[in-house]
Amino acid sequence: ENSWNVMDGFPPSLERVIEAFSKFPGIGKKTAQRLGLHVLKSDSNSMTEFANSLIEVKEKISFCAECNNFAEAEKCEICENPKRDRQIICVVEESSDIFLFENTGFTGMYQVLGGVLSPLDGVGPDELNLKSLMGRLQDVNEIVVATNTSVEGDATALYLAKLIQPLGIKVTRLARGIPVGGHLEYVDEATLSKSMNERVIIA
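Residues numbered from 1 in each chain as written. Predicted model: local features only at pLDDT ≥ 70, side-chain atom pairs only at ≥ 80, totals over all residues. Heavy atoms only, no water.

As a further point, take the overall build of the chain. Regarding its fold elements, the chain presents 8 helices and 7 strands. For the chain, with 203 residues in total, the buried portion stands at 36%. Within the chain, counting contacts between residues at least 6 apart in sequence, those at least 24 apart form 53% of the total. Summing over all exposed atoms, the chain offers an accessible surface of approximately 12600 Å²; the carbon and sulfur share of this is 54%. (Helix = DSSP H or I, 4+ residues; strand = E, 2+ residues; numbered from the N terminus. Buried < 20%, exposed > 50% of the residue type's maximum accessible area, 1.4 Å probe, protein only. Contact = heavy atoms within 4.5 Å. Areas by Shrake-Rupley, 256 points an atom, 1.4 Å probe, with all protein chains shown as cover.)

This is the structure:
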């Protein structure tokens, strides 16, 4: 029997959609239900387009061979851009951080670590994209460490400084306009830009 009403709960197919939405960060059960009902009420064409875009993004996007950013080709658009300043590399935790710095007017290159050092979580140097970074330092004058201002982020910055400083390359950290323990995604553009422009030397 497939007949149902709201009082009895949602049909299995809708429940699966709601459960899928609830797995997204920041999406609670109520919001997931609203999104599921929106899918149900929307026209088939727009939902087919939405579903296809999800499949396409998983099929087409991988990681840049140079900086580990999101990319649809072997290298991302930033690494392919000949106008970027290749003498400075901004080291970030995740690809999403790059989009924040692009809005500040930063014109250098990036390196995505894929996390920060966190021994308690089993994340050591071998779990980060450090080998890729070390292989890009030949013509680099400065490394800007733009990890979050957390204990793990600071520990990662110091580790990078000790690793890179013997090579004669300046290692800097974002200025402390960013609150201690704060995540970059919550910092306003003006503060982030100021932190980049007033970065401090750590090695």
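Having seen it, we continue.
Let us now look at the pattern of salt bridges. Side chains that carry opposite charge are capable of pairing whenever their charged atoms lie near each other. Scanning all chains against the criterion turns up 6 salt bridges. When the shortest N-O distance is used, the salt bridge between E66 and K75 registers 3.3 Å. For E66, a relative accessible area of 16% gives the class buried. Between R86 and E66 there is a salt bridge, and its shortest N-O distance comes to 3.5 Å. Taken together, the positions of R86 in strand 3 (residues 85–92) and E66 in the loop between strand 1 (62–63) and strand 2 (70–71) put the pair 20 residues apart, joining distant regions of the chain. One continuous salt-bridge network, built from bridges that share partners, spans E66, K75, R86 and R136. (Salt bridge = Lys/Arg side-chain N within 4 Å of Asp/Glu carboxyl O.)

Counting buried positions over the 5 residues of strand 4 (residues 108–112) gives 5, a clear majority of the element. Note: strand 3 against strand 4, 5 bridges, orientation parallel. Directly across from C90, in strand 4, lies its bridge partner Y110. (Pairing = 2+ DSSP bridges.)

Looking now at the packing of aromatic side chains. A full pass over the atoms with the stated rule returns 3 aromatic pairs. Seen from their ring centres, F63 and F70 are 6.1 Å apart, and the 35 degrees between their planes marks the pair as tilted. Relative accessible area serves as the criterion here: at 42%, F70 is assigned to the partly exposed category. (Phe/Tyr/Trp six-rings, centres within 6.5 Å; stacked < 30°, edge-to-face > 60°.)

Time to look at the confidence of the model for the chain. With 86% of its residues at a pLDDT of 70 or more, the chain has an overall mean of 86. Confidence over residues 1–8 falls short of pLDDT 50; this stretch has 3 contacts with residues more than four positions distant or in other chains. (pLDDT = per-residue confidence, 0-100.)

Moving on, we get to helix 7 (residues 151–164). In a regular helix each residue adds 1.5 Å, so 14 residues correspond to 20 Å; helix 7 covers 20 Å between its end C-alpha atoms and thus fits that length. Listing the buried residues of helix 7 in full gives G153, T156, A157, L160, A161 and I164. Each buried residue of helix 7 sits inside an arc of 140 degrees when the element is viewed along its axis, so together they form one side. Those residues of helix 7 that are exposed and aimed more than 90 degrees away from the buried face are V151, L158 and K162. The inward-facing, buried residues of helix 7 contact strand 3, helix 6 (130–134), strand 5 (142–145) and strand 6 (170–173). (Expected span 1.5 Å × (residues − 1). Arc of directions from axis to C-beta.)

So, on to a nonpolar patch on the surface. There is a patch of nonpolar side chains on the surface, built from V57, I61, F63, F70 and F99 and spanning about 460 Å² of accessible area. Take F63: it is sitting in strand 1. (Patch = residues over 30% accessible without salt bridge, like charges linked within 9 Å, V, L, I, M, F, W, Y side chains within 5 Å.)

Turning next to unusual backbone geometry. Its identity as a non-glycine residue notwithstanding, N68 has a phi of 75 degrees, on the positive side. Note that N68 resides in the loop between strand 1 and strand 2.

This paragraph deals with the environment of E189. Along the polypeptide, E189 turns up in helix 8 (residues 189–197). When its relative accessible area of 47% is taken as the criterion, E189 is described as partly exposed. For the pair E189 and N103, spaced 86 residues apart in sequence, the C-alpha to C-alpha distance is 7.1 Å. Beyond its immediate sequence surroundings of up to four residues, E189 is in contact with N103 and T104.

This part covers the nonpolar core. Counting residues in hydrophobic clusters, the biggest one holds 37 residues, and the most contacted among them are C90, F101, L133, I143, L160 and I164. Put simply, the parts of the chain that give this core at least two residues each are helix 4 (77–80), strand 3, helix 5 (95–102), strand 4, helix 6, strand 5, helix 7 and helix 8. It is strand 3 that provides the largest number of residues to this core, a total of 5 residues. (Core = buried A, V, L, I, M, F, W, Y, C linked by side-chain atoms within 4.5 Å.)

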